[in-house]
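These are the residues of each chain, in order.
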Amino acid sequence: EQPATDGEEQPGEGGEPTAEDPTRDWKSYTGKECRYTLKYPADWLLALEPGSDFRASSSEGGVIEISCSSGLGLQFPEEFFANEIAAPIDRFDQTEVGGRVAMRSKTTTLAYVSISPEVVLSVHYYRYNGDYSGEEETEFNLLVESLVFE
């Protein structure tokens, strides 16, 4: 199996996944701008667009979009949110994603991951045609948990 290369999708991920691994049949993708690798469902269509580092859609109408933004990083989350870059801080939990400081929405499928003091990775799942299901929320959580940074 070949490793993922910048900006390209690859089936699966290196190593032998366990039977319990819900992402065992997923594809992997390595982002160009923020230098990360993630896994996403194999039946999703990759559709890269200007302004997004990663964008894929499900057959049910859901979209996962990842972008890298310059600006105040998450080392000082109160200032990050006070500058209206994102929703108010009380709607987020500070956590860790791929060994990086992150803020995850308590109510939606949105996460901000600190790449450096100046760069933030935004991970957002949404639908054009209504609310997302519990299964889609689970897929979002698995995708975020799969993030690995160089």
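This text goes with the structure placed above it.
Let us look at the structure shown here. Source: prediction; values computed, not measured. (Residues numbered from 1 in each chain as written. Predicted model: local features only at pLDDT ≥ 70, side-chain atom pairs only at ≥ 80, totals over all residues. Heavy atoms only, no water.)

## Some details on the sheet that holds strand β10 (residues 119–127)
- With respect to topology, seven strands assemble into an open sheet ordered β4-β5-β6-β10-β9-β8-β7, the strand pairing being antiparallel. The open sheet has two edge strands with one neighbour each: β4 (45–46) and β7 (92–97).
- As paired strands, β4 and strand β5 (residues 54–57) are joined by two bridges and run antiparallel to one another. Paired with leucine 46 across the strands is alanine 56, a residue of β5.
- The strands touched by helix α2 (residues 134–146) within the sheet are β6 (62–70), β7, β8 (100–105), β9 (110–114) and β10, with β10 carrying the most contacts at an inclination of about 160°. (Pairing = 2+ DSSP bridges. Helix = DSSP H or I, 4+ residues; strand = E, 2+ residues; numbered from the N terminus. Contact = heavy atoms within 4.5 Å. Axes fitted to C-alpha atoms, helices over the stretch in contact; angles between N-to-C directions.)

## Quick look at the state of the cysteines
- One pass over the structure, following the stated rule, counts one disulfide.
- The disulfide bridge from cysteine 34 ends at cysteine 68, spanning 1.2 Å between sulfur atoms. Between cysteine 34 and cysteine 68 the sulfur-sulfur dihedral comes to about -50°; the bridge is accordingly left-handed. With cysteine 34 in the loop between β2 (27–30) and β3 (36–40) and cysteine 68 in strand β6, the pair connects residues that are 34 residues apart, well separated along the chain. Accessibility assignment for this pair places cysteine 34 and cysteine 68 in one class, buried. (Disulfide = S-S within 2.5 Å. Buried < 20%, exposed > 50% of the residue type's maximum accessible area, 1.4 Å probe, protein only.)

## Some thoughts on the packing of aromatic side chains
- Taken as a whole and assessed by the stated rule, the structure comprises five aromatic pairs.
- On the basis of an interplanar angle of 35° and a centroid distance of 5.9 Å, the ring pair of tryptophan 44 and tyrosine 125 is categorised as tilted. In this pair, tryptophan 44 is assigned in the loop between β3 and β4 and tyrosine 125 in strand β10, connecting sequence segments 81 residues apart.
- Taken together, a centroid distance of 5.8 Å and an interplanar angle of 40° make the contact between phenylalanine 92 and tyrosine 112 tilted. Placement of phenylalanine 92 in strand β7 and of tyrosine 112 in strand β9 is noted, with a sequence separation of 20 residues between them. (Phe/Tyr/Trp six-rings, centres within 6.5 Å; stacked < 30°, edge-to-face > 60°.)

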